[in-house]
Amino acid sequence: VPLFLHYTPSPFFPHCYTTISFTTHSPVCHHHLPATAMADDLISSIARAHIADQPSPRRTATAFARASSSSSRNIITYSRPSTLITLSTCNLNQWALDFTGNLTRILASCTIAKSQGATYRLGPELEICGYGCEDHFLESDTFDHCWESLLQLLEDGATDGLMCDFGMPVLHSGVRYNCRVICYNREVLLIRPKTSMADDGNYREGRYFTAYTAPSGAYANCPEKHLLPTTFYDKFGQRDAPFGLYHLQCADGTTIGCESCEELWTPQATHIDLALRGVEIIGNGSGSHHELRKLSTRMDLMISATRKCGGVYLYSNQRGCDGSRLYYDGCAMIVVNGRIIAQAPQFDVQDVNVVTATIDLDDVRSYRASHPAFGIQAARLATDEGGGGMYGLMCDDVRLVVDECAAINKNRPKVTDEALDLKIYAPEEECCLGPACWLWDWLRRSGAAGFFLPLSGGADSSSVAAIVAVMCILVTKAARDDPEGDVANDCRRVCRKDEGSSLWVPSTPQDMANCILHTTFMGTENSSEVTLSRAKRLGEAIGSYHLSIKIDLMVKAVLQVFQLTTGHMPRFASRGGTMTEDLALQNIQARLRMVTAYLFAQLLPWVRGRSGFLLVLGSANVDEGLRGYMTKYDCSSADLNPIGAISKGDLKRMLIFLTKEYPGFEVLSEIANAPPTAELRPIDAATATAEAGHSQTDEEDMGMTYEELGYFGRLRKISRCGPVSMFKKLMVTWNTMAPSEVAAKVKRFFYYYSVNRHKMTTITPAYHAEAYSPDDNRFDLRQFLYNTKWTRQFAVIDEMVANNPDEDLHDKGEKKD
């Protein structure tokens, strides 16, 4: 006679079953058996219970046992509930304070997750309002609108049959918290606050939120309650929700916990404690921005976490520009027992990416059980806490595993168990893909009709042009793949092709570039034919609307005004003038280019019979900003600068990569190999080289190489070195150089860095890509009025040089060699 069993998981260890009950008749009869019962005792106990209960023919259950008699004994067989579960995570291109748009993208991700069979969906950090709201988090409106959006998500059925882990701010007991809000079937199951704030680099979470500290002592396992807005009671009959550091224990034995962004990076990471408490699925909703060479570190943390503790780790991230200098680089992923089995794109122009995987939780349980050290530590934690199970909230009505019937028939989902070949881009690829996607978000969200770029034919402005070209390649491909999709609609609107019913899409990237990219070579009598030719050929290769103009008339007009006013006419140093005159003559050319750029950006759409305005793109790299090798309010002053935090070395490698990657871009290789030049002084034919086309070179003007600037920048910011500690480190790194020479280079750098620091206060908003960016506005917070003599610091360096004579180092070097 069939006996139908129901397994009740242990409240302490969800993968251990301590109670077995079988349904025989209504009302349900439960027969409790100790977990340590041996097989024979189990069989005989169930048989006796069966005889005593006189079961009816009607039977309903999710797991069954069949007892039969034989010549010697009763034999019982049984099957456990399904251990398969389908999980989804996503990249979302959220925009700070765009509550309606953010809601639409969240709903889309939930719909996609359901269509892929998922019962759990993880979203990015603060996804409902957008991560970058910054001081808007201090406004009560932001919190109110988040609750409005959450209510709409529940009303629209986003959580029907799908457990959703949303990110939003919550004001609890008068304190602002960065929270995860877990909902299922139109009910808020848990509000879980973040415990570690990100307060370094670009992050200022401690300015807006408080790190949550769990209650201790007698209140440690008593959930706080958060009073929900009254509309939740009116709509769904729910007055409050648990608030605190808890995980969820579902009726089917599934356990789900949260780890929020920064908590993964801390020494005492949350996932360790969750794993030891038996949590098998951990979701990390994150707001992590792109930085060159950062992705591999992030991946290593998640792989290491699950390799050490076992478990399923889901990572969700915002992707795109949400209104500032940062680009969040997505790459949502699912990791199981140290293997990445699903990965979303890092760079993309789509607003929503969802990745889904089906996991057998038995793999997690088996993995953990095979590591004795894990079992010892988990048991010790349970003993220390008087039996374990702390911080677990029982959800009796929540079942997330695959239906048992589906698990044994043809609808059974395929388990995703193969590790992926991870996609980690080389730095030169990141340099073009990240800024390209960042520019696309700025262009489509600003309402601009395109970009204007002063194109000099040098490496920096050519890099910016190439990045826009890559943007056009990405957008054109996405638009042609789905002419009715969001990317195609945005492309038509930006290109002013959205009138009528035609589903226009660009036929080639050059077709799109001609609509949105306007480049102009602004030459003077000091410009060379070499750079003029390079700029023209690059414009043709990209497809931009390109012009070549001379601004000598403007320069002469300004100088004549000066002469009429003062009676003096400045001259270049090569023509008998002083260095003061020479710099002034160079700067007026550079500043007039900025004025001309904004004039053309405002009027070129009108000239072409189009509406709108153009965003002016700047092209100063991070090394020039660090050294101050730029004219204040020249072409480094613009609306946006996609390369402002990228080094000259990385830019050159990017240009060479693009030459190989895209046919027709061969001119980029020529530009990358040419010596950088500002072309602001008259050409000296005796010293001009064929490669540069000019006698003036950047590195000679700066008194240091771009490679040396890279060293100075990384030591100053990343290694946190002042003049003395930088000198000490470079004495070791540049051990073939005399101490006096090292000292001279360090002093020269700090002098020019400090005397030009004021330029960083007006620097164009730049894509953040490098950890040693000198951006004064958000990232590199330092004074801009310095004692440029560095009296004490340079005196210490001089003393160290005196104690290490140059000849001694050379002698040591010769012996060492």
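Calculation notes
Residues numbered from 1 in each chain as written. Predicted model: local features only at pLDDT ≥ 70, side-chain atom pairs only at ≥ 80, totals over all residues. Heavy atoms only, no water. Helix = DSSP H or I, 4+ residues; strand = E, 2+ residues; numbered from the N terminus. Buried < 20%, exposed > 50% of the residue type's maximum accessible area, 1.4 Å probe, protein only. Contact = heavy atoms within 4.5 Å. Areas by Shrake-Rupley, 256 points an atom, 1.4 Å probe, with all protein chains shown as cover. Pairing = 2+ DSSP bridges. Core = buried A, V, L, I, M, F, W, Y, C linked by side-chain atoms within 4.5 Å. Patch = residues over 30% accessible without salt bridge, like charges linked within 9 Å, V, L, I, M, F, W, Y side chains within 5 Å. Salt bridge = Lys/Arg side-chain N within 4 Å of Asp/Glu carboxyl O. Axes fitted to C-alpha atoms, helices over the stretch in contact; angles between N-to-C directions. Phe/Tyr/Trp six-rings, centres within 6.5 Å; stacked < 30°, edge-to-face > 60°. Lys NZ or Arg CZ within 6 Å of the ring centre and 35° of its normal. Left-handed = near helix turned anticlockwise from the far one by under 90°. Nonpolar A, V, L, I, M, F, W, Y, C, P; charged D, E, K, R; others polar. Parallel < 35°, antiparallel > 145°, perpendicular 65-115°, else oblique.

## Describing the overall build of the protein chain
Line of reasoning, step 1. From N to C terminus, the protein chain includes 27 helices and 24 strands.
Line of reasoning, step 2. Counting every position in the protein chain, which comprises 817 residues, the buried fraction comes to 54%.
Line of reasoning, step 3. Residue pairs in contact within the protein chain that sit at least 24 positions apart in sequence constitute 71% of those at least 6 positions apart.
Line of reasoning, step 4. Within the structure as shown, the protein chain displays about 34,800 Å² of accessible surface, and the carbon and sulfur contribution to it stands at 53%.

## A few points about the pairing of strand β12 (residues 247–250)
Line of reasoning, step 1. Burial along β12 is two-sided: the residues H247 and Q249 and L248 and C250 are all buried.
Line of reasoning, step 2. Here β12 runs beside strand β20 (residues 392–395); their pairing, made up of 4 bridges, is parallel. Residue pairing across strands places C250 opposite C395, the latter belonging to β20.
Line of reasoning, step 3. As paired elements, β12 and strand β13 (residues 255–258) share 2 bridges and run antiparallel to each other. Along β13, the bridge assignment pairs L248 with I256.
Line of reasoning, step 4. Taken together, β12 and the strand that follows it, β13, pair antiparallel across an intervening segment of 4 residues, in which G253 is found at a positive phi of about 90°.

## Topic: the nonpolar core
Line of reasoning, step 1. Counting 64 residues, the largest nonpolar core has L439, W440, F451, V468, M471, M512 and I516 as the members making the most contacts within it.
Line of reasoning, step 2. With 12 residues, the single largest contributor to this core is helix α13 (residues 459–481).
Line of reasoning, step 3. Discounting residues that sit within four places of it in the chain, M471 has contacts with A436, L439, W440, L443, F451, M512 and I516.
Line of reasoning, step 4. C179, Y203, F209 and L228 belong to the second-largest nonpolar core, a separate cluster that totals 46 residues.

## Re a nonpolar patch on the surface
Line of reasoning, step 1. Where nonpolar side chains cluster on the molecular surface, the patch consists of L599, L603, W606 and V607 and spans about 440 Å² of accessible area.
Line of reasoning, step 2. The class of L599 is partly exposed, set by a relative accessible area of 45%.

## Thoughts on the pattern of salt bridges
Line of reasoning, step 1. In this structure the tally under the stated criterion is 25 salt bridges.
Line of reasoning, step 2. Note that R444 and D490 form a salt bridge whose closest N and O atoms lie 3.1 Å from each other. Of the two residues, R444 is situated in helix α12 (residues 427–446) and D490 in helix α14 (residues 486–494); the sequence distance between them amounts to 46 residues. For the residue pair R444 and D490, the accessibility class agrees, reading buried in each case.

## As for the sheet that holds strand β21 (residues 450–454)
Line of reasoning, step 1. A sheet is described by the order of its strands in space; here 4 strands give the open sequence β23-β22-β21-β24, paired in parallel fashion. Two strands bound the open sheet, and with one partner strand each, they are β23 (545–550) and β24 (614–616). Averaged over neighbouring strand pairs, the angle between their axes works out to 25° when direction is ignored.
Line of reasoning, step 2. Taken strand by strand, helix α15 (residues 509–516) contacts β21, β22 (517–523) and β23, and its axis lies near 65° from that of β22.

## A closer look at the packing of aromatic side chains
Line of reasoning, step 1. Considering all chains together, one arrives at 28 aromatic pairs under this definition.
Line of reasoning, step 2. Centre to centre, the rings of Y212 and F243 are 5.6 Å apart; their planes meet at 75°, and the pair counts as edge-to-face. Here the residue Y212 occupies a position in the loop between α4 (205–208) and β10 (224–227), and F243 occupies one in strand β11 (residues 240–243), the gap between them amounting to 31 residues.
Line of reasoning, step 3. Y212 sits in the buried class, given a relative accessible area of 7%.
Line of reasoning, step 4. Seen from their ring centres, F712 and F749 are 4.8 Å apart, and the 25° between their planes marks the pair as stacked. A residue pair is termed long-range when its members are at least 10 positions apart, and F712 in helix α23 (residues 706–718) and F749 in helix α25 (residues 739–755) qualify at 37 residues. Here F712 matches F749 in class, with each residue buried.
Line of reasoning, step 5. Through a chain of ring-to-ring contacts, three or more aromatic side chains come together here, namely Y711, F712, W734, F749, F750, Y753, Y786, W790 and F794.
Line of reasoning, step 6. Sitting over the ring of Y752, R627 keeps its end group 3.7 Å from the ring centre.
Line of reasoning, step 7. In this arrangement the basic side chain of R714 is found over the ring face of Y711, its NZ or CZ atom lying 5.7 Å from the centre.

## Some details on α14
Line of reasoning, step 1. Taken together, the buried positions of α14 are V487, A488, D490, C491, R492 and V494.
Line of reasoning, step 2. Buried residues along α14 sit in contact with α12, α13 and α15.
Line of reasoning, step 3. Count one or two residues on from α14 and you reach R496, which has phi positive near 60°.

## Comments concerning the packing of α12 against α14
Line of reasoning, step 1. At a closest axis distance of 10 Å, the pairing of α12 and α14 adopts a crossing angle of 65°. The handedness of the crossing between α12 and α14 is left-handed. Between α12, through W440, L443 and R444, and α14, the contact on the second element is made entirely by V487, D490, C491, R493 and V494.
Line of reasoning, step 2. Classifying every residue of the contact of α12 with α14 by side-chain character gives 5 nonpolar, no polar and 3 charged.

## Structural notes on the packing of helix α24 (residues 723–733) against helix α26 (residues 791–803)
Line of reasoning, step 1. For the pair α24 and α26, interaxial distance at closest approach is 8 Å and the crossing angle is 30°. When the axis of α24 is compared with that of α26, the two are roughly parallel. Listed contacts from α26 to P723, V724, F727 and K728 of α24 are Q793, F794, V796, I797, M800 and V801.
Line of reasoning, step 2. Partitioning the contact of α24 with α26 into residue classes produces 8 nonpolar, 1 polar and 1 charged.

## Topic: unusual backbone geometry
What you tend to see is this: most non-glycine residues have negative phi, and most peptide bonds are trans.
Line of reasoning, step 1. Residues other than glycine seldom take positive phi values, yet Y633 does so here, at roughly 65°.
Line of reasoning, step 2. Mapped onto the elements, Y633 comes out in the loop between α19 (622–627) and α20 (648–661).
Line of reasoning, step 3. Judged by its relative accessible area of 39%, Y633 falls in the partly exposed class.
Line of reasoning, step 4. Although it is not a glycine, W790 adopts a positive phi angle of roughly 45°.

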